[in-house]
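Summary of structural features
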Amino acid sequence: MDIKLESNGNYTITFRYKPSLVNMVKEIPGRRFNPKSKAWIVPKSSRPNLEAIARRIIHWEPVRWVNGTVVEQRPETIMDIQPLPELTVDHELKIEPYPYQKEGIARGLELKKFMNTDEPGLGKSLQALATINLAEAFPCLVVCPATLKINWEREWHKFTDKKAMVLSDNVRDTWPFYWNTGMYQVFIVNYESLKKYFVQQIKQSKRFTLRDVTFKDNINLFKSIIIDESHRVKSSATQQAKFVKGIAAGKEWRIELTGTPVVNRPKDLVAQLAILGKLDEFGGYKYFVSRYCAGPNEASNLKELNSLLWQKVMFRREKSAVLKDLPDKIRSVLTCEITNRKEYKDAERDLIQYLRKYKEADDERIQRALKGEVMVRINILRQISARGKIKEVVEFVKDFLEEDQKIVLFCSLHEVVDRLKEIFPHAVSVTGRENSQQKQIAIDSFQRNPKTNIIICSIRAAGVGLTLTAASNVAFVEFPWTYADCCQCEDRCHRIGQKDSVTAYYFLGKNTIDEKVYNIIQMKKGIANAITGSLDDVPENIVDMVANLFNEDIETEKITK
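Description of the structure in this document. (Residues numbered from 1 in each chain as written. Predicted model: local features only at pLDDT ≥ 70, side-chain atom pairs only at ≥ 80, totals over all residues. Heavy atoms only, no water.)

**Let's talk about the overall build of the protein**
To be explicit about the condition: Numbered from the N terminus, helices here are DSSP runs of H or I no shorter than four residues, and strands are runs of E no shorter than two. Exposure categories follow from relative accessible area, calculated using a 1.4 Å probe and restricted to protein chains: below 20% of the type maximum is buried, above 50% is exposed, and the middle band is partly exposed. By definition in these notes, contact holds between two residues if any of their heavy atoms fall within 4.5 Å. Method for areas: the Shrake-Rupley scheme with a 1.4 Å probe, in which residue coverage is limited to the protein chains shown.
Each helix and strand counted, the protein has 19 helices and 20 strands in total. Within the protein, buried positions represent 52% of all 561 residues. Of the contacts formed within the protein by residues at least 6 apart in sequence, a portion of 71% connects residues at least 24 apart. Of the accessible surface of the protein, which amounts to about 27,000 Å², a share of 48% is contributed by carbon and sulfur atoms.

Structure below.
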């Protein structure tokens, strides 16, 4: 931008066309546009307004004062990162957030359109939903990976008094009715389903632009949008990025959550900033790319970029920085859809028949025999569920790899181990099939080699005795029957040498025996015996507890029918 002082005392302003700059100049009192010279004329009395604009844009637009004033060049602008504000209002959640979470909520209320890039395990979703709840920005749309839809639904119910609905074909066109009648305030959809629920038509079938998309009018209902794992829309060329940008347009509240805003290079931020409506504050696309994506590595002026991100749109905390706020362990339950539902249903019907026989058996010997058969069938259900969870577990692990974080995976079935190793060929493993030397090589690689990010562990072979403190994240694809055994597995990471709080993720198949077993674990935390497959090792009341939980479901079905 060139600002020239004319002989009549007025200022002439010229610059490369940018809508954001035009809007700023239009706010100056007395300004007018000269179509012949294509310059803006500003009265001398408005110089303070000009100076304010210059200070506002200097980080992305070179400003040159002509006629005796300093010529502003473009050094790298680095500002001190200010601490996040304190939350001065009641958080209105059902639980007490950690202090750093309250600060994130407060900063979100200030920014309205922002990226929370906290390290995984620090509760980004809680901070986001609390921000929307305090802002009363409903209805709210949550866009997330399919793996996390149920988790988001449960977190809204767990932390607030708002009701959340996962969109499905049953409410494809009628979901607005649930908002209008006050039944639901939050609607949750995965990235792949955005077109189904919100797109009316697309003019072109290939390589279409956002202008070619006609959205359904229902997107205008939403006052806010939360975009979880927003790095998934880092490329503006993808359909998902276009749909998200179109749906988010015009929303006062837009929140992006990701532990990895930059996966490869600064250009990954362009689409995410555009979705937030913040790209112009970084000079627009062309300026952003020329300023921050230059050089052989497509990265330049990174300190300045980090400084501006913190100032305008982003905040991030790491576990090590907020350890004083965190407990030693954090447990998170992730309920996911299984991919083999028919197989599971067939096996479940067979188990229910055996449970009925077992409950009606009078002779002790017959009951013991049936108990053994019931346990076999229960374990078959658990195995089917484990296989059905693999797809969503893989998506979850990929996010950790993009964050360049290590993770420990626990499972039991060789089939599950083999499938995970096939998908992640660089992973190491500790199972019953490796000898002691091979196990130690795998452990050493995981502990010492930064490139070894995944270790796949058998619950039996690696549940005790190992040290895996290179990771602070543990995920259970399958899990033991008892609380004590769960702790033993978690404690492979949570032991001397661990510098971070440990987060344990439990994957439960939706509407499967996983949920029942996890409930048993919570009820029987004092049980220390592990089920090894031998009937004698089974706690006497486990079969009764499973049977009772199934019977509760059967009775509920009868009542609802």
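**Concerning empty space enclosed by the protein**
Filter applied, for reference: The pocket and cavity definitions rest on a 1 Å grid over protein atoms only: a 1.4 Å probe that fits but cannot leave marks a cavity, an open set with protein on both sides within 12 Å along at least five of seven lines marks a pocket, and residues lining either have an atom within 4 Å of a point. Grid points are joined across faces, edges and corners, and a volume is the space filled by probe spheres set on the points. Only Asp, Glu, Lys and Arg are considered charged, only Ala, Val, Leu, Ile, Met, Phe, Trp, Tyr, Cys and Pro nonpolar, and every remaining residue, Gly among them, polar.
For the structure shown, the criterion picks out one cavity of 30 Å³ or more. Volume-wise, the largest cavity comes out at about 40 Å³. Residue lining of the largest cavity: Arg331, Tyr483, Cys486, Glu490, Tyr506, Tyr518, Ile521 and Gln522, and that is the complete set. In the lining of the largest cavity, the residues fall into five nonpolar, one polar and two charged.

**A word on the sheet that holds strand E19 (residues 473–476)**
The condition is simple: In this scheme, strands are said to pair when DSSP sees at least two bridges between them. The angle between two axes is taken between their N-to-C directions and runs from 0 to 180 degrees, where each axis is a line fitted to C-alpha atoms and a helix contributes only its stretch in contact.
The sheet built from six strands is open, its strands ordered E15-E20-E19-E16-E18-E17 with parallel pairing. The open sheet has two edge strands, strand E15 (329–336) and strand E17 (428–430), and neither has a second partner. Pairwise comparison of adjacent strand axes, ignoring direction, gives a mean angle of 20° for this sheet. In terms of strand pairing, strand E16 (residues 407–411) meets strand E18 (residues 454–458) through five bridges, oriented parallel. Paired with Phe410 across the bridge in E18 is Cys457.

**A closer look at the packing of aromatic side chains**
As a reminder of what qualifies: Here the aromatic set is Phe, Tyr and Trp, taking the six-membered ring for Trp, and pairing holds for ring centres within 6.5 Å; pairs whose planes are under 30 degrees apart are stacked, those over 60 apart are edge-to-face, and all others are tilted.
For the structure on display, the rule yields 24 aromatic pairs. Summarising the aromatic geometry, the rings of Phe282 and Phe288 are spaced 6.3 Å apart at their centres and angled 65° between planes, so their arrangement reads as edge-to-face. Residue Phe282 shares its accessibility class with Phe288, and that shared class is buried. Within the aromatic cluster, the residues linked to one another by ring pairs are Trp175, Phe187, Tyr197, Phe198 and Phe222.

**With respect to the sheet that holds strand E1 (residues 2–5)**
Here five strands make up an open sheet; going across it, the order is E3-E4-E2-E1-E5 and the pairing mixed. Two strands lie at the open edges of the sheet, namely strand E3 (32–34) and strand E5 (64–66), each paired on one side alone. Adjacent strand axes in the sheet meet at a mean angle of 25°, parallel and antiparallel pairs treated alike. Here three bridges tie E3 to strand E4 (residues 39–42), and the two strands are oriented antiparallel to one another. By the bridge assignment for E4, Arg32 is matched with Ile41. Here helix H2 (residues 47–57) sits on the sheet and contacts E1, strand E2 (11–14), E4 and E5; the angle it forms with E5, its principal contact strand, is near 150°.

**Let's talk about the nonpolar core**
For clarity, the threshold we go by: For the purposes of this section, nonpolar cores are sets of buried Ala, Val, Leu, Ile, Met, Phe, Trp, Tyr and Cys residues that join through side-chain atoms within 4.5 Å.
Ranked by size, the top nonpolar core spans 71 residues in total, and within it Trp152, Trp156, Ile226 and Phe288 carry the most contacts. Here this core takes seven residues from helix H13 (residues 364–402), the largest share from any one element. Once residues lying within four places of it in the same chain are set aside, the contact partners of Trp156 are Leu129, Ile132, Phe138, Cys140, Val142, Lys162, Ala164, Val186 and Ile226. Among the nonpolar cores identified, the runner-up in size contains 41 residues, and Met375, Ile455, Ala462 and Val474 belong to it.

**Considerations on the layout of surface pockets**
Volume-wise, the largest pocket comes out at about 1,000 Å³. In terms of lining, the largest pocket is formed by 44 residues, of which the most central are Gly123, Ser125, Asn151, Glu155 and Ser332. Of all the elements in the fold, those that place two or more residues in the lining of the largest pocket are helix H3 (99–111), helix H4 (124–135), helix H5 (149–159), E15, H13 and strand E20 (502–509). Residue contributions to the lining of the largest pocket peak at seven residues, all from E15. Looking at the lining of the largest pocket residue by residue, the classes come out as 19 nonpolar, twelve polar and 13 charged.

**Points about the pattern of salt bridges**
Here is the rule: Here a salt bridge means any side-chain nitrogen of Lys or Arg lying within 4 Å of a carboxyl oxygen belonging to Asp or Glu.
Considering all chains together, one arrives at 33 salt bridges under this definition. For Arg232, the salt bridge is made with Asp399, and the minimal N-O distance between the two is 3.5 Å. You can see Arg232 sitting in the loop between strand E12 (224–228) and helix H8 (239–248) and its partner Asp399 sitting in helix H13, a full 167 residues away along the chain. On the basis of relative accessible area, Arg232 is assigned to the partly exposed category, the value being 23%. Taking the relative accessible area as the measure of exposure, Asp399 reaches 14% and is therefore buried. Measuring nitrogen to oxygen at the nearest pair gives 2.8 Å for the salt bridge that ties Lys389 to Asp514. With Lys389 in helix H13 and Asp514 in helix H18 (residues 513–523), this pair connects stretches of sequence that are 125 residues apart. Its relative accessible area of 1% is what places Lys389 among the buried residues.

**Brief notes about the pairing of E20**
Here E20 lies mainly inside the structure; eight of its eight residues are buried. The two faces of E20 match: Val502, Ala504, Tyr506 and Leu508 on one face and Thr503, Tyr505, Phe507 and Gly509 on the other face are all buried. Strand direction decides the pairing type here: E15 and E20, joined by eight bridges, are parallel. Across the sheet, the residue bridging to Cys336 is Gly509, located in E20.

**Observations regarding unusual backbone geometry**
Omega for the bond connecting Phe138 with Pro139 falls within 30 degrees of zero, at 0°, which places this linkage in the cis form. Relative to the elements of secondary structure, Pro139 occurs in the loop between H4 and strand E7 (140–144). The backbone of Glu92 shows a phi angle near 60°, a positive value even though the residue is not glycine.

**Digging into H8**
Burial runs high along H8: seven of the ten residues are buried. Trailing H8 by a residue or two, Gly250 shows a phi angle of about 85°, which is positive.

**Notes on the environment of Leu273**
By the secondary structure assignment, Leu273 is in helix H9 (residues 268–276). With 39 residues separating them along the chain, Leu273 and Lys234 place their C-alpha atoms 9.2 Å apart. Ignoring sequence-local partners within four residues, the contact set of Leu273 consists of Met115, Lys278, Leu279, Phe282, Phe288, Leu309 and Val313.

**Let's talk about the packing of helix H1 (residues 19–26) against H2**
Counted only if it meets this: Roughly parallel means an angle under 35 degrees; roughly antiparallel means over 145; roughly perpendicular covers 65 to 115; every other angle is labelled oblique. Crossing handedness: left-handed means the near helix sits turned counterclockwise from the far one by under a right angle, and right-handed means the same turn made clockwise.
For the pair H1 and H2, interaxial distance at closest approach is 10 Å and the crossing angle is 155°. As judged from the angle between their axes, H1 and H2 are roughly antiparallel. Classified by chirality, the crossing of H2 by H1 is right-handed. For the pair formed by H1 and H2, the contact residues are Leu21, Met24 and Val25 on the first element and Ile53, Arg56 and Ile57 on the second. Taken together, the residues of the contact of H1 with H2 sort by class into five nonpolar, no polar and one charged.

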